[in-house]
Amino acid sequence: AGLAPMPGSPQRAAFLQWLCFLSNQLAPTFRLWFYPPDLGFAQYPPALQQQLADKITAIWQQLELHLQQHGPWLCGEQFSAADLLLTMYMRWSRNMPTTALAWPALKRLADACRARPSWQQLNQAEGLTEWQLS
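Report follows, based on the coordinates.

Cut-offs used in this document
- In this convention, every chain numbers its residues from 1, walking through the sequence in written order.
- In keeping with the model being predicted, local features are shown solely for residues with a pLDDT of at least 70 and side-chain atom pairs are shown and tallied solely at 80 or more, while totals for entire chains, interfaces and linings include all residues.
- Based on all heavy atoms of the structure, the side-chain values leave hydrogens and waters out of the count.
- Secondary structure elements follow DSSP: runs of H or I of four or more residues count as helices, runs of E of two or more count as strands, with numbering from the N terminus.
- Taken over C-alpha atoms, the radius of gyration is set against a globule rule of 2.2 Å times the number of residues to the power 0.38.
- When accessible area is computed with a 1.4 Å probe and restricted to protein chains, residues below 20% of their type maximum are described as buried, those above 50% as exposed, and intermediate ones as partly exposed.
- Here, two residues are considered to be in contact whenever any of their heavy atoms come within 4.5 Å of each other.
- Only the protein chains shown count as covering a residue, and every accessible area follows the Shrake-Rupley method with a 1.4 Å probe.
- Only four residue types enter the charge count: Lys and Arg as positive, Asp and Glu as negative, with His and the chain ends excluded.
- Every charge is mapped to an atom, namely NZ of Lys, CZ of Arg, CG of Asp or CD of Glu.
- To obtain an axis, a line is fitted to C-alpha atoms, over the contacting stretch when the element is a helix, and the angle between two such axes runs from 0 to 180 degrees between their N-to-C directions.
- For classification purposes, angles smaller than 35 degrees are called roughly parallel, those larger than 145 roughly antiparallel, those between 65 and 115 roughly perpendicular, and all remaining angles oblique.
- We call a set of buried Ala, Val, Leu, Ile, Met, Phe, Trp, Tyr and Cys residues a nonpolar core when their side-chain atoms join them within 4.5 Å.
- How far a helix is expected to stretch is found by multiplying one less than its residue total by 1.5 Å.

**Overview of the overall build of the protein chain**
Then comes step 1: In terms of helices and strands, the protein chain carries five helices and zero strands.
Then comes step 2: Its helices and strands taken in sequence order, the protein chain reads α-α-α-α-α from the N to the C terminus.
Then comes step 3: By the compact-globule yardstick of 14 Å for 134 residues, the protein chain fits well, its C-alpha radius of gyration being 16 Å.
Then comes step 4: Reported as C-alpha extents along the three principal axes, the dimensions of the protein chain are approximately 45 × 30 × 25 Å.
Then comes step 5: Counting every position in the protein chain, which comprises 134 residues, the buried fraction comes to 37%.
Then comes step 6: In the protein chain, once contacts between residues fewer than 6 apart in sequence are set aside, the share between residues at least 24 apart is 59%.
Then comes step 7: Summed over its atoms, the accessible surface of the protein chain is roughly 7,700 Å², and 56% of this surface lies on carbon and sulfur atoms.
Then comes step 8: The averaged location of the 8 negative side-chain charges in the protein chain is 2 Å from the averaged location of its 9 positive side-chain charges.

As structure tokens, this is what we get:
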């Protein structure tokens, strides 16, 4: 099995939807979180930083609810590249006040991804030592 549902399969639309959702909702919000100069700030005022954290939290909650109802993976029973993308974004939350691992279904998905030999190989090749499976 590949990393994407086959064209024409019932899971293909969900796969594409999740890729778009992550790329268009989570990624730009993380961009703003990490790069205050993009909005003209050296550091964000606390209220603005809280708004960004709240938006990321709302996205985690939406993903958590979906995974609880339709998981264990974003596209149901089939692991896909969308799960790898989500796991990468969850890793980005590792130093936030509330990480993605605070949500049980997200943590299960992250743990399953982090247990995969390919994820471990990636971490070794890139010299990434934080955010290991715990």
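**So, the packing of helix H3 (residues 81-92) against helix H4 (residues 104-114)**
Then comes step 1: The contact between H3 and H4 brings their axes to 10 Å, and the two run at 105 degrees. Here H3 is positioned roughly perpendicular relative to H4, judged by the angle of their axes. Between H3, through Asp83, Leu84, Leu86, Thr87 and Met90, and H4, the contact on the second element is made entirely by Leu106, Leu109, Ala110 and Cys113.

**Thoughts on the nonpolar core**
Then comes step 1: With 35 residues, the main nonpolar core has Leu22, Trp60, Leu63, Leu86 and Met90 as its most contacted residues.
Then comes step 2: For this core, the secondary structure elements donating two or more residues are helix H1 (10-34), helix H2 (46-70), H3 and H4.
Then comes step 3: Top element by residues in this core is H1. It accounts for eight residues.
Then comes step 4: If near-sequence neighbours (up to four positions away) are discounted, Leu22 is found in contact with Ala27, Leu63, Leu74, Ala82, Leu85, Leu86 and Tyr89.

**Overview of H2**
Then comes step 1: Taking 1.5 Å of rise per residue, 25 residues should cover 36 Å, and H2 covers 36 Å from first to last C-alpha, within 8% of that figure.
Then comes step 2: Buried residues along H2 sit against H1, H3 and H4.

**Thoughts on unusual backbone geometry**
Then comes step 1: Here the residue pair Gly71 and Pro72 is connected by a cis peptide bond, since its omega of 20 degrees sits within 30 degrees of zero.
Then comes step 2: Inspection of the secondary structure puts Pro72 in the loop between H2 and H3.

None of this, on its own, says anything about what the molecule does.
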